[in-house]
Amino acid sequence: MPILINLVAIAAVMMVSLAPSDVVGSLRTQLPAALEHALAYAALGAIVSVSLRLRSWSAGVVGIVGLTMLAAILETAQLFVPGRSFWISDIVGSASGAC
C-alpha cells in the first residue's frame, strides 16, 4: 500500500508538471512559481517519508536527491510541452521543498 500511495503522489506531480500551459494556468495560485514548487515538493516529500517510514538520515538524503532529480527531469521535459518553459529557479524551489 505505501508504494501505491507514493506512485499516485508522484504521478500527480508529473501530470501537473507536464500538462500544457492552458491546463496549468487554471491550477496556478498567486504565489511565486518557486514557492509553489517548494510547497508541492514538501508535500510530496512528506508523503514519501511517512508512507515509507523513512527514519534514517541516509534514507532522507536518498529521498531528497531522488525528488531533486525528479524535479530536474520534469523541468527539462517541459521544454517539449506547448507553452511551458525551463526555469532553474523552479528546480531550486522544488529542491528546497524536498529538503
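Details of the structure are given in the entry above.
Here goes a summary of the coordinates provided. The structure presented is a predicted model; accordingly, all values stated were derived computationally and were not measured.

1. Overview of the side chain of Ser 94
So, point 1. Within the secondary structure, Ser 94 is located in helix α5 (residues 88–98).
So, point 2. Judged by its relative accessible area of 2%, Ser 94 is buried.
So, point 3. Polar side-chain contacts of Ser 94 include one of 2.9 Å to the backbone oxygen of Asp 90.
So, point 4. When neighbours within four sequence positions are excluded, Ser 94 is seen to be in contact with His 37, Ala 38, Tyr 41 and Ala 71.

2. Some thoughts on the layout of surface pockets
So, point 1. Estimated volume of the largest pocket: approximately 460 Å³.
So, point 2. Contributions of two or more residues to the lining of the largest pocket are made by α1 (2–17), α2 (21–24) and α3 (33–52).
So, point 3. Residue composition of the lining of the largest pocket, by class: 11 nonpolar, 8 polar and 5 charged.

3. Observations concerning empty space enclosed by the protein
A water-sized probe rolled over the atoms picks out the places where empty space is left.
So, point 1. Per the stated rule, a full pass over the model turns up 1 cavity of 30 Å³ or more.
So, point 2. For the largest cavity, the calculated volume is near 40 Å³.
So, point 3. Together, Ser 17, His 37, Tyr 41, Ala 71, Leu 74, Glu 75, Asp 90, Ile 91 and Ser 94 line the largest cavity.
So, point 4. Those elements giving two or more residues to the lining of the largest cavity turn out to be α3, α4 (57–77) and α5.
So, point 5. The residue makeup of the lining of the largest cavity, split by class, is 4 nonpolar, 3 polar and 2 charged.

4. Description of a nonpolar patch on the surface
So, point 1. Where nonpolar side chains cluster on the molecular surface, the patch consists of Met 1, Leu 4, Ile 5, Val 8 and Ile 47 and spans about 490 Å² of accessible area.
So, point 2. Among the elements that line the nonpolar patch, the one with the most residues is α1, at 3 residues.
So, point 3. The residue Met 1 is located in the segment before α1 in this model.
So, point 4. On the basis of relative accessible area, Met 1 is assigned to the exposed category, the value being 71%.

5. Here's the deal with α4
So, point 1. Taking 1.5 Å of rise per residue, 21 residues should cover 30 Å, and α4 covers 30 Å from first to last C-alpha, within 8% of that figure.
So, point 2. Among all positions in α4, only Leu 67, Leu 70, Ala 71, Leu 74 and Glu 75 are buried. Considered in projection along α4, the buried side chains sweep an arc of 125° and stay on one side of the axis. Exposed side chains of α4 directed beyond 90 degrees from the buried face belong to Val 62 and Ile 73.
So, point 3. As for α4, its buried residues are in contact with α1, α3 and α5.

What counts and how
Residues numbered from 1 in each chain as written. Predicted model: local features only at pLDDT ≥ 70, side-chain atom pairs only at ≥ 80, totals over all residues. Heavy atoms only, no water. Helix = DSSP H or I, 4+ residues; strand = E, 2+ residues; numbered from the N terminus. Buried < 20%, exposed > 50% of the residue type's maximum accessible area, 1.4 Å probe, protein only. Polar contact = N/O pair within 3.5 Å; in protein donor to acceptor, adjacent residues only side chain to side chain. Contact = heavy atoms within 4.5 Å. 1 Å grid on protein atoms, 1.4 Å probe; cavity = no way out; pocket = protein on both sides within 12 Å on 5 of 7 lines; lining within 4 Å. Points joined across faces, edges and corners; volume = space filled by probe spheres on them. Nonpolar A, V, L, I, M, F, W, Y, C, P; charged D, E, K, R; others polar. Patch = residues over 30% accessible without salt bridge, like charges linked within 9 Å, V, L, I, M, F, W, Y side chains within 5 Å. Areas by Shrake-Rupley, 256 points an atom, 1.4 Å probe, with all protein chains shown as cover. Salt bridge = Lys/Arg side-chain N within 4 Å of Asp/Glu carboxyl O. Expected span 1.5 Å × (residues − 1). Arc of directions from axis to C-beta.

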